Amino acid sequence: MLLLRAGTVRTYAFSLLCAVSLTTSAQAATWPADADWNPYTQDGVGMGDPTTDGGNGAREVVGDTTDPAVYWYSDSTHAQFRFRLNADPTGPGGLQSFAWGLLVDVDGDFTGAEFLYILNGVSEDIEVWRNDVVQSIDDPGDQMETLLYSEPTEYITDPNVRITLASTTFDADPDFFLDWAVPLAVLEAEGLADAVVSYVAGTSSSGQNLTLDHAGCDDANFCSITDSISDPVNLSDTDGDGLSDTEEAILGTDPNDADSDDDGLLDGEEVAGGTNALDPDTDGDGLQDGTESGLGTASHGDTDLAIFIPDSDPTTVTDPTNTNTDGDCLDDGVEDANANGSYDPLLGETDAATADSDGDGVDDCADQCPGASDSIDTDLDGAPDGCDICPFDNPDDTDADGICDSDDLCVGDDTTGDTDSDGVCDDIDQCDGDDATGDTDSDGVCDDIDVCPLDNPDDTDSDTVCDTDDLCPGFDDLLDADADAVPNGCDQCDGDDATGDTDSDGVCDDIDQCDGDDATGDTDADGVCDDIDACAGNDATGDTDGDGVCDSDDPCPIDNPDDSDGDGVCDSDDPCYGDNLTGDSDADGVCDSDDICQGDDNSGDADNDGLCTDLELSLGTDPNDDDTDDDGLLDGTEVNIEGTDPND
């Protein structure tokens, strides 16, 4: 189906002439800061796009509502466009062989786009096309017929094309911004610079349509113009607030500030909604226009957050052009006293959006008790329960003591009630005004004048010391002859010096032979006090042998020295006292030091011939015959002196 567009018969000589002149001497664009780019939106939020619906790479447009896919900006010389791409679009010597562009819908019927602004990487040109004949309805792939403008990019050196690294990583790899600019004069020649138009942003393999990836639509299925179209935009709207710079000049708003009065609403939103874009409180009711409109956050980054008051309850709104939205005779600012947009009944506020905030059938301006039902008055005193400090009492507080009669222990009493909180009303309290104890010991004397408020009777032994504090009940605490802080009546060492029984051994210091010693005194009864007894606690002998070792620890308590010959036998028990360690090693009754047969068995030298028995046995001599061979020489003499044979 072919649709011939109205007006296509007109001559475009002027615009083409403009194109030629701009082609030869294109002015360089001045790129805005990242924060000044305006996102293209759909239904009021930034246009996003899936990460895998365009074939990936540099022809894949990516983004979400937080980091939108496509942006625009304009100044006095250029309309500028920005695409967020999944990969670097740089190609050999220039751009990759794809195209990135925006279809322009002027008439709003989405039958077909009227124009195409495109960065053509195939031909390395910035181009503007016009669609004279719609060949495929509602199809972004419909071919454009007439080229209105072409500017060679020579990307590497062209100031009107730019590639930068984006901060996002959709699809888990770095994203890139592709920026490009069209001279505003080209669009002005076609009546597009000041026109409010919608766009389809996408990519393509050619420079005359968009066939690959369309922002704001999942190209897993066919994306029509209707599916992909943006909210309307005016390219001459520098700050992106919905008003052209020309309109802002007429209105007096700031063309470089999207929210001139900082009330959270875009200037264009205010004009469309009937509020004053130069006054944050159009109706003068004390509430900002943005707050009344339910803005929890400002519509644009230009808003001064030090001025803007966000609505703390965006689900409720009031009319920013009407001082009394609900018509209840109370201005909105009176009802929302803290101006935060929220109905706070606990703060005494009424609902500025509802004439009867508490739903009791009484308008707020006539409501005795806002926030509670006026019809409930339990005590019939004319004050609704919700605002009655004593909802069950009529009158409320008879004695004006600040306590409702139903809760007043001393109802009808004077205003003091029970001043001392002792449970007895002042008018019958014999200790009225006293502290809460009253008469603690029940002796008929109020505590505040009772010398002994805890005692009844007070001082049994009349020593002027209250019984509860009496050190020696029944005796005079003031009598302490020895000044030891123990009254005489309870002092077992009465009359002793102030120490009494210093060591607590049960013996008063004046008769204690170990006065000052610990409680043991003379534990071992050896006549020496423990504190100076070298063998304190030992038996009475102490150190019998005077060797400096207490008897209880001395292995030889009666010997000094203990074991002279070191044979392990105390000297007093050693038959060989002073002998060497062996003593009588062969137990023959002869100490080793005197035993000629030392170490021999206990037989020694039975025949006294000078030879020990064990030697005679080895020589074959008779150990009981001193001259075995009867030659007149003792066996020992022959062996030890003569060297002769005792057996021959």
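All chains use their own residue numbering, which begins from 1 and follows the written sequence. Reporting in this predicted model follows two pLDDT cut-offs: at least 70 for local features of residues, and 80 or more for side-chain atom pairs to be given and counted; totals over whole chains, interfaces and linings ignore these cut-offs and use all residues. Water and hydrogen atoms were dropped before computing side-chain values, which therefore reflect all heavy atoms in the structure.

Asks: Quick one: what's the story with the nonpolar core, residue by residue and with numbers?
Replies: To define a nonpolar core, start from buried Ala, Val, Leu, Ile, Met, Phe, Trp, Tyr and Cys residues and group those joined through side-chain atoms within 4.5 Å. To sort residues, take the accessible area from a 1.4 Å probe on protein chains only and compare it with the maximum for the residue type: under 20% means buried, over 50% means exposed, and anything in between is partly exposed. In this structure, Tyr40, Phe81, Tyr117, Trp180 and Leu235 are the most contacted members of the largest nonpolar core, which totals 41 residues. Note on contacts: a residue pair is in contact if any heavy atoms of the two residues lie within 4.5 Å. The residues contacting Leu235, other than those within four sequence positions of it, are Tyr40, Trp72, Ser74, Ala79, Phe81, Tyr117, Leu187, Ala193, Ala195 and Tyr199. Ile118, Met144, Ile225 and Ile229 belong to the second-largest nonpolar core, a separate cluster that totals 11 residues.

Asks: Quick one: what's the story with the state of the cysteines, residue by residue and with numbers?
Replies: Linking two cysteines covalently through their sulfur atoms gives a disulfide. The criterion for a disulfide is a pair of cysteine sulfur atoms lying within 2.5 Å. This structure, assessed with the given rule, holds 7 disulfides. The residue that forms a disulfide with Cys452 is Cys466, at a sulfur-sulfur distance of 1.7 Å. Looking down the S-S bond of the Cys452 and Cys466 bridge, the torsion is -85°, so its handedness is left-handed. With a gap of 14 residues between them, Cys452 in the loop between α7 (332-335) and α8 (613-619) and Cys466 in the loop between α7 and α8 connect regions that are remote in the sequence. Here Cys452 matches Cys466 in class, with each residue buried. Shown here is the disulfide that connects Cys535 with Cys550, its sulfur atoms set 1.8 Å apart. Between Cys535 and Cys550, the S-S torsion sits near -95°, and that sign places the bridge as left-handed. Of this pair, Cys535 sits in the loop between α7 and α8 while Cys550 sits in the loop between α7 and α8, placing them 15 residues apart in sequence. Starting at the N terminus, helices and strands are each numbered in turn, a helix being any DSSP run of H or I of at least four residues and a strand any DSSP run of E of at least two.

Asks: Let's hear about the packing of aromatic side chains: which residues, and what values?
Replies: Each aromatic ring pair is characterised by the separation of its centres together with the angle its planes make. Each aromatic pair joins two rings of Phe, Tyr and Trp (for Trp, the six-membered one) with centres within 6.5 Å, and gets the label stacked for planes under 30 degrees apart, edge-to-face for over 60, and tilted for any other angle. In the structure shown here, the tally under the stated rule is 6 aromatic pairs. A ring pair is formed by Tyr71 and Phe177, whose centres lie 6.3 Å apart and whose planes are at 90°; its orientation type is edge-to-face. Highlighted residues: Tyr71 in strand β5 (residues 70-74) and Phe177 in strand β15 (residues 176-183), separated in sequence by 106 residues. An angle of 55° between the planes, with centres 6.3 Å apart, marks the rings of Tyr117 and Tyr199 as tilted. Taken as a pair, Tyr117 in strand β10 (residues 115-120) and Tyr199 in strand β16 (residues 196-204) lie far apart in primary sequence, 82 residues in all. Joined through ring pairs, the aromatic side chains of Tyr40, Phe81, Tyr117, Trp180 and Tyr199 make up one cluster. Cation over ring: Arg82 sits above Phe177, and NZ or CZ is 3.9 Å from the ring centre. Both a distance and an angle decide whether a charge sits over a ring: NZ of Lys or CZ of Arg must be within 6 Å of the ring centre and within 35 degrees of the ring normal.

Asks: So what's going on with the sheet that holds strand β11 (residues 125-130)? Which residues, and what values?
Replies: Pairs of strands are assigned from DSSP output, requiring at least two bridges between the strands. In space, the 6 strands of this open sheet follow the order β13-β11-β10-β9-β16-β17, with antiparallel pairing throughout. Where the open sheet ends on each side, the last strands, each with one partner, are β13 (146-152) and β17 (233-234). When β11 meets β13, the two strands line up antiparallel, connected through 6 bridges. Bridging across to β13, Ile126 finds its partner in Glu151.

Asks: Before we move on, can you summarise the sheet that holds β15 with the specific residues and values?
Replies: If you walk across this open sheet you meet the 5 strands as β2-β5-β6-β15-β14, and the pairing is antiparallel. Bordering the open sheet on either side are β2 (38-39) and β14 (161-165), each of which pairs with just one other strand. The pairing of β5 with strand β6 (residues 78-85) spans 5 bridges and is antiparallel. Considered in β6, the bridge of Ser74 is made with Ala79.

Asks: Lay out the pattern of salt bridges in plain terms, naming residues and giving numbers.
Replies: A carboxyl oxygen of Asp or Glu within 4 Å of a side-chain nitrogen of Lys or Arg is what we treat as a salt bridge. Within the structure shown, the criterion is met by 4 salt bridges. Note that Arg82 and Asp34 form a salt bridge whose closest N and O atoms lie 3.1 Å from each other. Here Arg82 is found in strand β6, whereas its partner Asp34 is found in the loop between α1 (13-24) and β2, with 48 residues between them in sequence. The partner of Arg130 in a salt bridge is Asp132, and the shortest N-O contact between them spans 2.4 Å. Its relative accessible area of 12% is what places Asp132 among the buried residues. Through salt bridges with shared partners, one network takes in Asp34, Arg82, Arg162 and Asp179.

Asks: Break down helix α9 (residues 635-642) for me, citing the residues and quoting the values.
Replies: When α9 is considered as a whole, its buried residues turn out to be Asp635, Gly636 and Glu638. Just downstream of α9 lies Gly643, where phi reads positive at about 75°.

Asks: Mind laying out the environment of Asp469, listing which residues take part and the relevant values?
Replies: For Asp469, the location among the structural elements is in the loop between α7 and α8. Measuring from C-alpha to C-alpha, the distance between Asp469 and Asp459 comes to 9.6 Å, with 10 residues separating the pair along the chain.

Asks: Account for the confidence of the model for the protein, naming residues and giving values.
Replies: Atomic detail in the predicted coordinates should be set aside for any region of low pLDDT. The quantity known as pLDDT measures the predictor's confidence residue by residue, on a range of 0 to 100. Chain-level statistics for the protein give a pLDDT mean of 82 and a share of 87% at 70 or above. Within the model, pLDDT remains below 50 along residues 1-25, and this stretch shows 43 contacts once partners closer than five positions in the same chain are excluded.

Asks: How would you explain the pairing of strand β9 (residues 99-105) if you had to name every residue and give the values?
Replies: Burial of β9 is extensive: 7 of the 7 residues sit out of reach of the surface. Along β9, one buried face is formed by Ala99, Gly101, Leu103 and Asp105 and the opposite face, lined by Trp100, Leu102 and Val104, is buried too. Bridge count for β9 against β10 is 6 bridges, and the pairing is antiparallel. Across the sheet, the residue bridging to Val104 is Phe115, located in β10. One ladder, built from 7 bridges, connects β9 with β16; its direction is antiparallel. By the bridge assignment for β16, Ala99 is matched with Ser204.

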